[in-house]
Amino acid sequence: MSIKKVIQHPSQKVLLGNCLQILPNLTDNAAVTFLDPPFNQQKDYASHNDDLPENEYWEMMRLVCSQIFEKTSDGGAVYFMQREKNSEHVLRVLRETGWTFQNLIIWKKMTSAVPGTMRFGKAFQTIVFATKGKRPRVFNRLRINPPLLKHHKYERENGIFVTDVWDDIRELTSGYFAGDEAIRTEKGERFHKQQSPISLLLRIILSSSKVGDFVLDPFAGTGTTAVVAKQLKRNSVSIEIDKENADSIEKRLDSVKKADLIEKYYKDYQFTENLAEIWDKNPLTPANFADQGVNRNLFAL
Ligand SMILES: C[S@@+](CC[C@H](N)C(=O)[O-])C[C@H]1O[C@@H](n2cnc3c(N)ncnc32)[C@H](O)[C@@H]1O
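A quick note: this is a predicted structure, and the numbers were derived from the prediction, not measured.

**Student:** So, the overall build of the protein chain: which residues are in play, and what are the values?
**Tutor:** Counting secondary structure elements, the protein chain contains 9 helices and 11 strands. Looking at the protein chain as a whole, 35% of its 301 residues qualify as buried. Contacts in the protein chain between residues at least 24 apart in sequence constitute 74% of all its contacts with a sequence separation of at least 6.

**Student:** Could you give me a rundown of the pairing of strand E10 (residues 235-240), with the residues and numbers involved?
**Tutor:** With 6 of its 6 residues buried, E10 lies for the most part within the structure. Of the two faces of E10, the one carrying Asn235, Val237 and Ile239 and the one carrying Ser236, Ser238 and Glu240 are both buried. Of the pairings in the sheet, the one linking strand E1 (residues 12-16) to E10 comprises 5 bridges and is parallel in character. Residue Val14 lies in a different strand from E10, and its bridge partner there is Ser238. Two elements, strand E9 (residues 214-217) and E10, share 4 bridges in a ladder whose sense is parallel. Counterpart to Val215 in the pairing with E10 is Ser236. In this fold, E9 hands off to helix H6 (residues 224-231), which returns the chain to E10; that crossover is right-handed.

**Student:** Pulling in residues and values, what's your account of the confidence of the model for the protein chain?
**Tutor:** For the protein chain, the average pLDDT comes to 88, and 88% of its residues sit at 70 or higher. The model gives residues 296-301 a pLDDT under 50, and that stretch makes 12 contacts with residues more than four places away or in other chains.

**Student:** Lay out the nonpolar core in plain terms, naming residues and giving numbers.
**Tutor:** Tyr79, Phe80, Ile205 and Val228 are the most contacted members of the largest nonpolar core, which totals 58 residues. Considering each element in turn, this core owes the most residues, 7 residues, to helix H5 (residues 198-208).

**Student:** Describe the site of the ligand, naming the residues involved and giving the relevant values.
**Tutor:** Near the ligand lie 22 residues; those nearest to it are Ser196, Phe219, Gly221, Thr222 and Thr224. Those elements that provide at least two residues to the shell around the ligand are helix H2 (19-22) and E10.

**Student:** Talk me through H5; I want residue IDs and the actual numbers.
**Tutor:** Counting buried residues in H5 gives 10 out of 11 residues, a clear majority hidden from the surface. If you follow the buried residues of H5, they end up packed against strand E2 (30-35), strand E3 (72-82), strand E8 (165-166), E9, H6 and helix H8 (275-278).

**Student:** Before we move on, can you summarise helix H4 (residues 87-96) with the specific residues and values?
**Tutor:** Considered for burial, the residues of H4 that qualify are Val90, Val93 and Leu94. Down the axis of H4, the buried side of the element spans an arc of 100°, and every buried residue falls inside it. Counted as exposed and oriented over 90 degrees from the buried face of H4: Glu88 and Glu96. Check the buried side of H4 and you find it contacts helix H3 (54-70), E3, strand E4 (100-108) and strand E5 (124-131). Directly beyond the C-terminal end of H4, a positive phi value near 100° is found at Gly98.

Rules used throughout
- Residues numbered from 1 in each chain as written.
- Predicted model: local features only at pLDDT ≥ 70, side-chain atom pairs only at ≥ 80, totals over all residues.
- Helix = DSSP H or I, 4+ residues; strand = E, 2+ residues; numbered from the N terminus.
- Buried ≥ 20, exposed ≤ 12 C-beta atoms within 10 Å, placed from the backbone.
- Contact = placed C-beta atoms within 7 Å.
- Pairing = 2+ DSSP bridges.
- Right-handed = clockwise from strand over helix to strand, strands pointing away.
- pLDDT = per-residue confidence, 0-100.
- Core = buried A, V, L, I, M, F, W, Y, C linked by C-beta atoms within 7 Å.
- Near = placed C-beta within 6 Å.
- Arc of directions from axis to C-beta.

Right under this line is the structure:
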């Protein structure tokens, strides 16, 4: 009886503060965590120094990975996003904190390749998928139906399984490519330069959780994880150190805008065998989104 209640009214918690202080106090165990920290590349963050000495930064990430491991169910997953040049460090800190490597996902960018003068241009970002223990507790084998390539001879009947190369998810770059999904200031500038696309979190949460599970995002930014979790009827905890960002998550969860709705992606996954089970067919709409309020807890910074 109580489980049914959780499924019907998933809770989205937004916690303001430093994840290193908050994570040890979490009471629930996560099914999946999206880990998208600042990359220590001298970006301008209001409440975070993005220019730490390299060893200090990776020591901090090691601690975060260890704390998440403690707060993850057996078989639960982490998706750790980073610049490809840091893959070595990501793999090391995950291994040292007990995680089992599953995939090095290549998220191929659609609109931006950073040119290089002495090396090849950069056109992808890495996401390491790892689990607590050898076997994932949940791994939903999603099927998609990307356009056929020139050398493909036959039409497909029911799509293909998603692989470790994700080239069908558009990043939110600057300018008009970011589209309506990017949160903007009154002046039309992007509110948060690192906002992740809804379709990225949709793939991650769908792959590694069930309806009613708990999804964690320790570096929540604009709350993309929570916005997707809410629509997929998962519970979520978003931790964010910057008050302005945390406020924006709350706002985004309270009244969803059209660009944040996941419904439009349903047909992309239509050939997934258990789709009806993992994606509730009665998605939240702008009209009923606000009814399921946000649970806000404030922590001291
Ligand atoms: C790369 S952004 C995440 C963007 C996010 N995926 C989204 O879709 O908006 C990293 C976020 O972590 C926050 N942050 C930095 N250090 C933190 C800490 N110690 N605890 C919690 N949040 C932190 C930053 O303020 C920033 O908003």
